[in-house]
Amino acid sequence: MALAAPRVHLHSSPAPPLSTSRRRSPRVLLPGNAVLRRRQTMFFDAAAREGLSSSSSPSPAAAAAAASAGSPVTLVEYVGNGAGDDLSVLFTHLQYACKRIAAQVASPFNAELGRRQGGNKEAAPGTVMTGRDAPKPLDVISNEIILSSLIRSRKVAAMASEEDDAPVWLADDGPFVVVTDPLDGSRNIDASIPTGTIFGVYNRLVEVDHLPSEEKASLNSLQSGARLVAAAYVLYSSATIFCLSFGSGTHAFTLDHSTGEFVLTHPFIKIPPRGQIYSVNDARYFDWPEGLRRYIDTVRQGKGRFPKKYSARYICSLVADFHRTLMYGGVTMNPRDHLRLVYEANPLSYLAENAGGRGSDGKLRILSIQPVELHQRLPLFLGSPEDMEELESYGDVQQKINPGYEL
């Protein structure tokens, strides 16, 4: 019997209405731009007066300053104030989808969803079954939630998902293309370890509009990361955090469960130039190339360019490990050809760079790599600029062999 998704009730956040294809977004529902700018300015000024770092949560004084101007700046208001009407509509629907996924992840029924492979003996049509990455019902449900929200937005021409064999063409006149990992780290659901959703947004390639749908969906989804117009991840943990960038800074919004809104809590995140944490599965240490072993041996003894001993912190959830690195500095890495360029490496590298960090495969800047396959895998190193420079100086850091364990 097919497994039905539990109903999700979010009384404080009704589903966004269907948007009309070319109609301007309803700005009359948002506060005036002058009011929003005043609230943002008061929030930033209060944080600056207290020496509040971008990696800290706002203090009561900073929160009170924002509240005195009305209420904290919400994600919908922030996007609507400068990202353009089409992106505003798109992110209104994306944030609603992520609230629904957050409710699924926190549901008391998710343990059963996580244990069952695919709900039936056979995988759902269009899904990728590859060992430990075989989709679970919660992956499939998350994928369907996102797909439904993108269709309702009427702003997306094509969607490419880690859960699907091929991208889906949605609308000829949609201005954007969305690539996504709907539920990163889902195999950890049973242990209540943090999970996440990753998005990348591109402009539709109008020059290929004359091609058949399947072909133009593929070409649109294989754009270089340098062409991203927006990227985001959502962390489902002790807090639900929506971290995004439109190319001018990286900002994080935290879900306020009392109102059902994502509110601005980490404006203009700046990753520290150097951290004291490396995040990697060092159980694979003896399979690593010589350069990577020497780097790890050096920094954890405090003998690197930064004369302090590094600590290992590894959650085995990419979004969670990257979020911690963004806040505290250091390096998050997987030296194997394991992580996906299109769905994971490109969006997270975009966010890292807009926070002053770097994304690399150990040799090349991630955003400079042209994808050639939808599910293309590669090594991934993300982190503080000085730590990344030191790591790459060791040369041989990519693990190109896979001795005896599954991807």
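Residues numbered from 1 in each chain as written. Predicted model: local features only at pLDDT ≥ 70, side-chain atom pairs only at ≥ 80, totals over all residues. Heavy atoms only, no water.

The name recorded for the protein in an unreviewed UniProt entry is fructose-bisphosphatase, from Spirodela intermedia. Recorded in UniProt for the protein, the comment headed Sequence similarities (unreviewed entry) runs: "Belongs to the FBPase class 1 family." For the protein, the Catalytic activity (unreviewed entry) comment in UniProt is given as "beta-D-fructose 1,6-bisphosphate + H2O = beta-D-fructose 6-phosphate + phosphate". (UniProt positions renumbered as here; feature names shortened; annotations may be inferred.)

Before going further, it helps to examine the packing of aromatic side chains. Within the structure shown, the criterion is met by 9 aromatic pairs. With centroids separated by 5.5 Å and ring planes inclined at 65°, the aromatic side chains of Tyr 78 and Phe 253 adopt a geometry described as edge-to-face. Of this pair, Tyr 78 sits in helix H3 (residues 75-80) while Phe 253 sits in strand E7 (residues 250-256), and the two are 175 residues apart along the sequence. Accessibility classification places Tyr 78 together with Phe 253 in one group, the buried group. Centre to centre, the rings of Tyr 295 and Tyr 394 are 5.6 Å apart; their planes meet at 75°, and the pair counts as edge-to-face. One end of the pair, Tyr 295, is in helix H8 (residues 290-300); the other, Tyr 394, is in the segment after helix H11 (385-392), and 99 residues separate them in sequence. An identical accessibility class is assigned to Tyr 295 and Tyr 394; each is buried. Here the aromatic cluster, defined as three or more aromatic residues joined through ring pairs, consists of Phe 91, Phe 242, Phe 246 and Phe 262. (Phe/Tyr/Trp six-rings, centres within 6.5 Å; stacked < 30°, edge-to-face > 60°. Helix = DSSP H or I, 4+ residues; strand = E, 2+ residues; numbered from the N terminus. Buried < 20%, exposed > 50% of the residue type's maximum accessible area, 1.4 Å probe, protein only.)

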